[in-house]
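# Coordinate analysis (summary)
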Amino acid sequence: MIRSIHAAQRLDSRGCPTVQVELTTEKGEKLLSYLSQMDLPHTKTGTFRALVPSGASTGANEAVELRDGDECAYGGRGVQGAISNIQNVIGPNLLESDFRVDTDQKKIDQFLKNLDGTKNKERLGANAILGVSMACARAGAAHSGIPLYEFLRREAGAKKPFVMPVPFFNVLNGGVHSGNEMAFQETMIAPVGASSITEAVRMGSEVYQHLKKVITEKFGSSGQPISKYLRSSQAQKLTFKKQAIGIGDEGGFAPPISEPHEALDLLVQAVSNSGLSGKIKFAIDPASSEFFREGKYDIGFKSTTNLKTAKEMIGLYQSLLEEYPIVLLEDPFAENDWDSWSEFNKACPVELVGDDLLVTNPEYVQIARQKDACNAMLLKINQIGTISEAIEAANLAYSYNWSVFVSHRSGETTDDFIADLAVGLGTGHLKSGAPCRGERVVKYNRLMDIEAEILADGEKCLFAGSKFKNASRF
Ligand code: PGA
Ligand code: ZN
């Protein structure tokens, strides 16, 4: 059924190389020849494509992303080895195996896993394997005559009705995703008071635009001018307005702040100015593995040193939870600081999400359950490397009554796969960065398309809203 698999090196949103897979099937071929006979435009029609994302604050136990390490090209970040593994190993083997894309996704993913043969996919590369797995799912959906979200719903065995996820927009970027001094990586807004994904996107965008003004007003009046073409007072203003509203890797602003409460105060102001107080809640992902140093947390790691014990961090989080409308906390502790996770989870009033801690891997999800370390799993498809294993991890999390939070990576592409995944699995929430930048908005735009499509089909389409945690049980 699969006729050809072609891989190529393309760029991600940080300008780094990543893997692109193009898979052609029988159906694709027939369609192609028909279109060419009819003299219709047909470039690439019938080919199913996938682009693989890449993280910066990666968990130590993630599946291995194969990089060439050849300093002569892309500073060693090239993925020609992964491309070659698809072209020369995965492709030929998969073609020979004769799997059906419409019914055999799990078998295909198992086959890819076995072909690699290592525990963390280090031989062929999780970036190579995932690209093929995603392209197969797209082809599977097309061959079944159904949208990708419905294909993934059936793969996961999830129930209807469809529930549209609350988008968690990362509007303030810090950590290793930006150049400011903010240690905490992500400060997000979640329009839980919306009644549809379309309304939630509008709210997110409005707050984002208001936030831009709030930041400009707050930081627009100090610093040094750089332009010789402008009169100095004019230049001073322009320069610093621009610097403060510069953005980080995920499209959120990166103003000159360093403390979490400064970030949250900016959000409170922006939400209030947009008239949406009460409808928008907040979330934080400190990505704390990035600043865990010999048993302590260095929340000044980007400029000076400011070490905090885990107990002090717990105190900090508790005070933030008391003061602000925060509904979700991700990776507040490092991936190997299990004791702090378990301690905090005893009385955690909000969703506590394991990202680096769980790496979308059923094995770590199980360990976390035994240690009672969290109550939700972040789902990043490239952390595990196949769609079926990501679904297995999500279903395991659901079986513990945990929630599942679908996520992009900081190095993203224009591939919108995760939008369909969030709807198919009924996860009730998803994060794909700010409502800004093509690689981020492509997911939010796809969600609005899905919502419109489901409604046009006359099907029930709910919005997770404030019950985002329990969407899989609606
Ligand atoms: P990453 O960041 O893609 O750089 O890992 C996202 C996150 O930590 O959630
Ligand atoms: Zn994270």
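Model, not experiment: these values are computed from the prediction.

## Re the nonpolar core
Formed by 148 residues in total, the largest nonpolar core has its most connected members in F168, F184, L379 and I381. Among the domains, domain 1 (2-145) and domain 2 (162-473) are the pair contributing at least three residues each to this core.

## Some points on the domain arrangement of the chain
Structurally, the chain comprises domain 1 (2-145) and domain 2 (162-473). Centre-to-centre separation of domain 1 and domain 2, based on C-alpha positions: 28 Å. Summing both partners gives a buried area of about 2500 Å² for domain 1 against domain 2, and 49% of it is carried by carbon and sulfur. If you look at where domain 1 meets domain 2, you find seven salt bridges. Among the salt bridges present, the one from K119 reaches E363, with a minimum N-O distance of 2.9 Å. Seen at the junction of domain 1 and domain 2, the total is 24 residue pairs in polar contact (both at pLDDT 80 or more). A per-element tally of the side of domain 1 that touches domain 2 places helix 4 (residues 126-144) first, with seven residues. Here the residues of the side of domain 1 that touches domain 2 sort into 12 nonpolar, 10 polar and 11 charged.

## A closer look at the coordination of the zinc ion (ligand 2)
The reference angle at a metal is 109.5 degrees if four donors form a tetrahedron and 90 or 180 degrees if six donors form an octahedron. For the zinc ion (ligand 2), the full set of protein donor atoms is D285 (OD), E330 (OE) and D355 (OD), at a range of 2.0 to 2.2 Å. Written as a sequence motif, the donor residues of the zinc ion (ligand 2) are D-x44-E-x24-D. Of this pair, D285 sits in strand 7 (residues 281-285) while E330 sits in strand 11 (residues 326-330), and the two are 45 residues apart along the sequence. Per residue, the accessibility class of D285 equals that of E330, and both read buried.

## A word on the pattern of salt bridges
Following the criterion strictly, the structure yields 25 salt bridges and no others. The salt bridge involving R14 is made with D249; its shortest N-O contact spans 2.7 Å. Here R14 is found in the loop between strand 1 (2-11) and strand 2 (17-25), whereas its partner D249 is found in the loop between helix 7 (232-244) and helix 8 (260-273), with 235 residues between them in sequence. Given the relative accessible area of 28%, R14 is considered partly exposed. On the basis of relative accessible area, D249 is assigned to the partly exposed category, the value being 23%. Connected through shared salt-bridge partners, E186, D285, E330 and K431 make up one network.

## Quick notes on unusual backbone geometry
Residue P161 follows K160 across a cis peptide bond; omega there is 5 degrees. As for its position among the elements, P161 is in the loop between helix 5 (148-156) and strand 4 (162-164). Phi at E294 takes a positive value of approximately 45 degrees, unusual for a residue other than glycine. Note that E294 resides in the loop between strand 8 (292-293) and strand 9 (296-298).

## Quick look at the pairing of strand 2
For strand 2, a buried count of nine out of nine residues is recorded, marking the element as mostly surrounded by other parts of the structure. Across the two faces of strand 2 the burial is the same, with P17, V19, V21, L23 and T25 and T18, Q20, E22 and T24 all buried. Where strand 1 lies against strand 2, nine bridges are found, and the strand directions are antiparallel. Note on strand 2: the bridge partner recorded for A8 is Q20. Joining the antiparallel neighbours strand 1 and strand 2 is a turn of five residues, in which G15 adopts a positive phi near 80 degrees. Alignment of strand 2 against strand 3 (residues 47-51), held across five bridges, turns out to be antiparallel. Each bridged residue has a counterpart across the sheet, and for L23 the counterpart in strand 3 is F48.

## Some remarks on the sheet that holds strand 15 (residues 429-431)
Read once around its circumference, the closed barrel built from eight strands follows the order 5-6-7-11-12-13-14-15, with strand pairing classed as mixed. Each strand of the sheet is rotated relative to its neighbour by a mean of 30 degrees, with strand direction disregarded. Sheet topology note: the strand 11/strand 12 (residues 351-354) ladder contains three bridges and is parallel. Looking at the pairing, L328 lines up with E351 of strand 12.

## Here we look at the sheet that holds strand 2
Taken together, the three strands give an open sheet; going across it, the order is 1-2-3, and neighbouring strands pair in antiparallel fashion. Looking along the sheet, the strands with just one partner apiece sit at the ends: strand 1 and strand 3. Put simply, the sheet's adjacent strands are angled 20 degrees from each other on average, direction ignored. The strands touched by helix 2 (residues 80-97) are strand 1 and strand 2; relative to strand 1, the strand with the most contacts, the crossing angle is about 170 degrees. Running at roughly 140 degrees to strand 3, helix 4 makes contact with strand 1, strand 2 and strand 3 of the sheet.

## A short note on the packing of aromatic side chains
For the structure on display, the rule yields 17 aromatic pairs. Here F168 and F468 contribute two aromatic rings whose centre-to-centre distance is 5.4 Å and whose plane-to-plane angle is 70 degrees, an arrangement assigned as edge-to-face. Here F468 lies in the segment after strand 16 (461-463) and F168 lies in strand 5 (residues 166-173), a separation of 300 residues in the sequence. A residue is classified by how much of its surface remains accessible, and F468, at 2% relative accessible area, is buried. Taking the centre distance of 4.6 Å and the plane angle of 40 degrees together, the rings of F292 and Y297 count as tilted.

Each value, and the rule that gives it
- Residues numbered from 1 in each chain as written.
- Chains lettered and ligands numbered in written order.
- Predicted model: local features only at pLDDT ≥ 70, side-chain atom pairs only at ≥ 80, totals over all residues.
- Heavy atoms only, no water.
- Core = buried A, V, L, I, M, F, W, Y, C linked by side-chain atoms within 4.5 Å.
- Buried < 20%, exposed > 50% of the residue type's maximum accessible area, 1.4 Å probe, protein only.
- Domains from an automatic or database assignment.
- Buried area = accessible area lost by both parts, 1.4 Å probe.
- Salt bridge = Lys/Arg side-chain N within 4 Å of Asp/Glu carboxyl O.
- Polar contact = N/O pair within 3.5 Å; in protein donor to acceptor, adjacent residues only side chain to side chain.
- Helix = DSSP H or I, 4+ residues; strand = E, 2+ residues; numbered from the N terminus.
- Nonpolar A, V, L, I, M, F, W, Y, C, P; charged D, E, K, R; others polar.
- Donors = N, O, S within 2.8 Å, 3.2 Å for Na, K, Ca; no water.
- Pairing = 2+ DSSP bridges.
- Axes fitted to C-alpha atoms, helices over the stretch in contact; angles between N-to-C directions.
- Contact = heavy atoms within 4.5 Å.
- Phe/Tyr/Trp six-rings, centres within 6.5 Å; stacked < 30°, edge-to-face > 60°.

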